[in-house]
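Each chain is listed here by its residues.
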Amino acid sequence: MAKQTASGKSFKIAVLPGDGTGPEVTREAVKVMDAAAAKYGFKTEKVEYDLGGERYKRTGEVCPESVVAELRGFDAILLGAIGHPDVKPGILEKGLLLKLRFDLDQYINLRPVRLFPGVECPLKDKGPEQIDYAVIRENSGDVYTGVGGTTQKGTPHEVATQVMVYNRFQVDRCLRYAFEYARKYGKKARGKGENNTLGLVGKTNVLTYVFDLWERAFHEMGAKEYPDVKRDYYHVDATCMWMVKSPEWFDVLVTGNMFGDIITDLGAMTQGGMGIAAGGNLNPEGVSMFEPIGGSAPKYTGKNVINPLAAICAMQMMLEHLGLEEAAKGVDAAVRRATGEKIKNLAAGKMGYSTTQVGDLVVSLLP
């Protein structure tokens, strides 16, 4: 894990470039990270892993157990993208992404929903002041655990079940992270509101067992341990409506795995699309993985036209998670200047800059 050196802390980072344009955007994120390290006084030791579609095609392996064991020894993982047109959907996603999340117990998915200056928003009359919140998604339970099955498959009487499963331990540790995050990064903490507010997103009127557990735990923990954090509750369908109509209402949201999976993609589009959205799969007590939300975009592979800002923002989240607050703020400020003053279109091939030039631009704008 992180070591103290004569010139500052040193961090061991696993780099997983992945498929398609993943290596191209990851290269720019690493470029900015190296520049930030030189400017803000920390060091990184980077080890690159060949995981993804090409390795699977070549060897039949997705993610060997030996690699998982090695990854436990890193301070963080930076992921490019997973997805290959020649590999059947589900093989890489389950065999690599979900495997790492579950094996490394990355039980928090953190998704900031922030509209950067100059980025076009599809919502009328909404700007950076209105779209500035975060979604915390429980990342280890729900229907993703694989509890269920199929009987009489292929017959007219086929039955398929996939069960939403949560235990109190999973719920409590997710809520505790969410309350702590709201206390540290909520609107009041950032000088943008009267309260730090944590909103629970659920469906208590239909999923009466699972979200009864969530709601009871939410209010018990909040009242006892976090009286300074305002508590709110939103049905998930209402949340989707208000994410479009009045996103300024939200501060920090916490929800289960499936609902979080859905609403974070909606949030990404309101902040300008997948080209700027980043997320983290976190184990606060272990190793966490940071990635751009967009896919591998194979049709743009090797053309040096893909937007790397989401990967750079994922790296920025990694710096913040590692406690490198000054460096993280510096990268954030550089990206905001890049979108606000230089880059007018985030679409591949329409930025006015190549992939490598965007990385160079962000480096040049580091304060």
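Because the structure is predicted, anything quoted here is derived from the model rather than measured.

Trainee: Explain the overall build of the chain to me, please; I cannot follow it from the model alone.
Mentor: Looking only at helices and strands, the chain features 11 helices and 13 strands. Its C-alpha atoms give the chain a radius of gyration of 20 Å, near enough to 21 Å, the size a compact globule of 367 residues would have. With the principal axes as the frame, the chain shows a C-alpha extent of 55 × 55 × 45 Å. Classification of the 367 residues of the chain by burial places 53% in the buried group. Restricting the contact set of the chain to residue pairs at least 6 apart, pairs at least 24 apart contribute 76%. Accessible surface, the chain as shown: approximately 16,000 Å² in total, 53% of it carbon and sulfur. Seen as two clouds, the 45 positive and the 45 negative side-chain charges of the chain have centres 3 Å apart.

Trainee: I tried to follow the layout of surface pockets on my own but got confused; where do I start?
Mentor: Roughly 810 Å³ of internal volume is contained in the largest pocket. If you trace the largest pocket, you find 30 residues lining it, with Tyr 181, Tyr 185, Arg 190, Glu 320 and Glu 325 closest to the centre. Taken together, the residues of the lining of the largest pocket break down into 14 nonpolar, 4 polar and 12 charged. Taken as a whole, the second largest pocket holds about 490 Å³ of empty space. Taken together, 23 residues line the second largest pocket, and the ones lying closest to its centre are Leu 97, Arg 101, Asp 261, Glu 291 and Ile 293. Put simply, the parts of the chain that give the lining of the second largest pocket at least two residues each are strand 4 (76-81), helix 4 (91-103), strand 5 (108-114), helix 8 (257-270), strand 12 (278-282) and strand 13 (288-292). With 4 residues, the single largest contributor to the lining of the second largest pocket is helix 4. Looking at side-chain class alone, the lining of the second largest pocket contains 8 nonpolar, 8 polar and 7 charged residues.

Trainee: Teacher, can you tell me more about a nonpolar patch on the surface here?
Mentor: A cluster of nonpolar side chains, namely Val 147, Val 163 and Val 165, defines an oily patch on the protein surface of about 190 Å² accessible area. Tracing the chain through its elements places Val 163 in the loop between strand 8 (159-162) and helix 5 (168-185).

Trainee: Where do I start with empty space enclosed by the protein in this structure?
Mentor: Rolling a probe over the atoms, with the probe sized like a water molecule, indicates the empty space that remains. Using the criterion set out here, one finds 1 cavity of 30 Å³ or more in the structure. Here the largest cavity is characterised by a volume of approximately 50 Å³. In terms of lining residues, the largest cavity is bounded by Arg 111, Pro 112, Arg 114, Phe 116, Gln 271, Ile 276, Ala 277, Ala 278, Cys 313 and Met 317. Counting residues per element, the ones that place at least two in the lining of the largest cavity are strand 5 and helix 9 (309-321). In terms of residue count, strand 5 provides more of the lining of the largest cavity than any other element does, 3 residues in total. Its residues assigned to classes, the lining of the largest cavity shows 7 nonpolar, 1 polar and 2 charged.

Trainee: What should I look at first to understand the state of the cysteines in this one?
Mentor: Between two cysteines, a covalent bond joining their sulfur atoms is known as a disulfide. Under the criterion given, the structure shown has 0 disulfides. In this model Cys 313 remains outside any disulfide bridge; the closest cysteine sulfur is found in Cys 121, 16 Å from its own. Since its relative accessible area comes to 4%, Cys 313 is described here as buried.

Trainee: For this particular structure, what's the right way to read the pattern of salt bridges?
Mentor: When charged atoms on two side chains of opposite charge get close, those side chains can pair. Tallying each qualifying case throughout the model produces 24 salt bridges. In this structure, the salt-bridge partner of Lys 57 is Asp 86, at a minimum N-O distance of 3.2 Å. Of this pair, Lys 57 sits in helix 2 (residues 53-59) while Asp 86 sits in the loop between strand 4 and helix 4, and the two are 29 residues apart along the sequence. The exposure class of Lys 57 is partly exposed, given its relative accessible area of 45%.

Trainee: Got a minute to help me understand the packing of aromatic side chains in this structure?
Mentor: For any two aromatic rings, the description comes down to two numbers: the centre-to-centre distance and the angle of the planes. On inspection of all chains with the given rule, the structure shows 12 aromatic pairs. Here Tyr 177 and Tyr 181 contribute two aromatic rings whose centre-to-centre distance is 6.2 Å and whose plane-to-plane angle is 25°, an arrangement assigned as stacked. Of this pair, Tyr 177 and Tyr 181 are both found in helix 5, 4 residues apart, which corresponds to roughly one turn of the helix. By relative accessible area, Tyr 177 is classed as buried at 18%. Owing to a relative accessible area of 11%, Tyr 181 belongs among the buried residues under this scheme. Put simply, the rings of Tyr 166, Phe 211, Trp 214 and Phe 259 touch in pairs and so form one group of aromatic residues. Over the ring of Tyr 144 we find Arg 137, and its NZ or CZ is 5.6 Å from the ring centre. Its guanidinium or amino end placed over the ring of Tyr 107, Arg 173 lies 3.8 Å from that ring's centre, counting from NZ or CZ.

Trainee: Please explain the side chain of Asn 283 as it appears in this structure.
Mentor: Among the secondary structure elements, Asn 283 is positioned in the loop between strand 12 and strand 13. Among the polar contacts made by the side chain of Asn 283, one reaches the main-chain carbonyl oxygen of Leu 104 at a distance of 2.9 Å. Not counting residues up to four positions away in its chain, the partners in contact with Asn 283 are Leu 104, Asp 105, Gln 106, Tyr 107 and Ser 288.

Trainee: What exactly am I supposed to notice about the environment of Val 147 here?
Mentor: If you trace the backbone, Val 147 turns up in the loop between strand 6 (132-138) and strand 7 (148-151). Separated by 14 residues in sequence, Val 147 and Thr 161 have C-alpha atoms that sit 8.1 Å apart. Non-local contacts of Val 147, meaning those with residues more than four positions away in its chain, are made with Thr 161, Gln 162, Val 163 and Val 165.

Basis of the calculations
- Residues numbered from 1 in each chain as written.
- Predicted model: local features only at pLDDT ≥ 70, side-chain atom pairs only at ≥ 80, totals over all residues.
- Heavy atoms only, no water.
- Helix = DSSP H or I, 4+ residues; strand = E, 2+ residues; numbered from the N terminus.
- Rg over C-alpha atoms; globule rule 2.2 N^0.38 Å.
- Buried < 20%, exposed > 50% of the residue type's maximum accessible area, 1.4 Å probe, protein only.
- Contact = heavy atoms within 4.5 Å.
- Areas by Shrake-Rupley, 256 points an atom, 1.4 Å probe, with all protein chains shown as cover.
- Lys, Arg positive; Asp, Glu negative; His and termini not counted.
- Charge placed at Lys NZ, Arg CZ, Asp CG, Glu CD.
- 1 Å grid on protein atoms, 1.4 Å probe; cavity = no way out; pocket = protein on both sides within 12 Å on 5 of 7 lines; lining within 4 Å.
- Points joined across faces, edges and corners; volume = space filled by probe spheres on them.
- Nonpolar A, V, L, I, M, F, W, Y, C, P; charged D, E, K, R; others polar.
- Patch = residues over 30% accessible without salt bridge, like charges linked within 9 Å, V, L, I, M, F, W, Y side chains within 5 Å.
- Salt bridge = Lys/Arg side-chain N within 4 Å of Asp/Glu carboxyl O.
- Disulfide = S-S within 2.5 Å.
- Phe/Tyr/Trp six-rings, centres within 6.5 Å; stacked < 30°, edge-to-face > 60°.
- Lys NZ or Arg CZ within 6 Å of the ring centre and 35° of its normal.
- Polar contact = N/O pair within 3.5 Å; in protein donor to acceptor, adjacent residues only side chain to side chain.

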